[in-house]
Amino acid sequence: MLVAVIVALAVGTYGFRAAGVVLHDRLDLPAPLRRMLPLAAAALLAALAGTAALTDSGAFAGVSRPLGVAVGAVLAWLKAPFVVVVVAAAGTAALLRLAGVP
Amino acid sequence: MRTAERTAGSSLARDVGAIGLAVFAVGMSFGAIAVAAGLPAWAVVTMSIVVFAGGSQFMAVGLVAAGNPFAAVFAGLLLNARHLPFGLAVADAVGTGWRRRLIGSHILIDESVAFTMAQSDPAARRRAFWLTGATLFVSWNAGGVLGVLLGGAVGDTDALGLDAAFPAGLIALLLPSLRDRETRNVALAGALVAVATTPLLPAGLPVLLALGGLLLMRRSVA
């Protein structure tokens, strides 16, 4: 049963990935739809960032994580290097948790 | 020109390396949690290699351990359906030819898409896609193997704040494209819809609903 789960998950996930990559050329999308693709990716990535920053298993993620992400976002806004953004976000969340903040 | 290119290349490698370290640590925690949930070591390592989608792997381990294999597959695939529109958006960076598409499709993950979308020049997009995908494939699986071996000795990665590192990294990669007003409207509306519906809907669906943000697109062609 475990093997079936792994195979089904692997085949299905690969199917989604390959479908997008292959269909891009096969479909010969009209220009307005083609223009939509980067916007769709931006919407999905923003949604991933938003849900990962604020929620955990469908509930509010607490305080430390959103504050850590907020520090990172402000630094990114100020054009800090990417590595600084990521380390500052993680460091802020870690320190807040060390201080007992949920 | 050449210096600028080299600088861009090495800063990309450094940025990808930072995310690679975080992915390595989360991969370790996946390996440790999966073994603790009762999965055999070979299954954990195999799953990481052939599925290579962290969120769905954590979910599958939890649901399999709870005795619900069908939900594990269904929920995991719902979570991964976003890769289809992602594939459409970065197909140019994957490249042409069957070998590139076969391998490139497998390393198409959130991070490789985010790093690719942050580049505009075709060659830079290709480099960002392949470097990010390949680096994270190696670090995720190396972390997973180490987590399986160390088991309970792996601590909680949340203590390191790594759960804050991923959204922050995504935001940093998205920010430049948000300078365009249309992209900003669509992306923020999408994020809002996803966050608002997360408490109500099964995982994966809220992020897909973010595509509704496309309704805010300007009608450029009549």
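Above this text sits the structure in question.
Structure report, in brief. (Residues numbered from 1 in each chain as written. Chains lettered and ligands numbered in written order. Predicted model: local features only at pLDDT ≥ 70, side-chain atom pairs only at ≥ 80, totals over all residues.)

Considering the overall build of chain A
The number of helices and strands found in chain A is 4 helices and 2 strands. Expected size for 102 residues packed as a compact globule is a radius of gyration near 13 Å; at 19 Å, chain A overshoots this value by more than 25%. For chain A, with 102 residues in total, the buried portion stands at 49%. Look at the contacts in chain A between residues 6 or more apart in sequence, and 42% of them connect residues 24 or more apart. (Helix = DSSP H or I, 4+ residues; strand = E, 2+ residues; numbered from the N terminus. Rg over C-alpha atoms; globule rule 2.2 N^0.38 Å. Buried ≥ 20, exposed ≤ 12 C-beta atoms within 10 Å, placed from the backbone. Contact = placed C-beta atoms within 7 Å.)

Digging into the interface of chain A and chain B
The interface of chain A with chain B comprises 62 residues on the first partner and 78 residues on the second. Of all the secondary structure elements, the ones that give two or more residues to the side of chain A that touches chain B are α1 (2-26), α2 (31-54), α3 (64-77) and α4 (82-98) of chain A. Of all the elements, α2(A) adds the most residues to the side of chain A that touches chain B, at 21 residues.

Focus on the nonpolar core
Counting residues in hydrophobic clusters, the biggest one holds 107 residues, and the most contacted among them are Ala43(A), Leu44(A), Leu45(A), Ala89(A) and Ala210(B). Residue contributions to this core peak at 15 residues, all from α2(A). The residue makeup of this core includes at least three contributed by each of domain 1 (1-54) and domain 2 (62-102) of chain A. Beyond its immediate chain neighbours, meaning those up to four positions away, Ala210(B) contacts Ala43(A), Leu44(A), Ala46(A), Ala47(A), Gly190(B), Ala191(B), Val193(B) and Ala194(B). (Core = buried A, V, L, I, M, F, W, Y, C linked by C-beta atoms within 7 Å. Domains from an automatic or database assignment.)

Side note on helix α8 (residues 122-150) of chain B
For an α-helix, 3.6 residues make a turn, and residues three or four places apart therefore share a direction. Given a rise of 1.5 Å per residue, 29 residues ought to cover 42 Å, and the 42 Å separating the end C-alpha atoms of α8(B) matches this to within 8%. Positive backbone phi, approximately 55°, marks Gly151(B), located one or two places after α8(B). (Expected span 1.5 Å × (residues − 1).)

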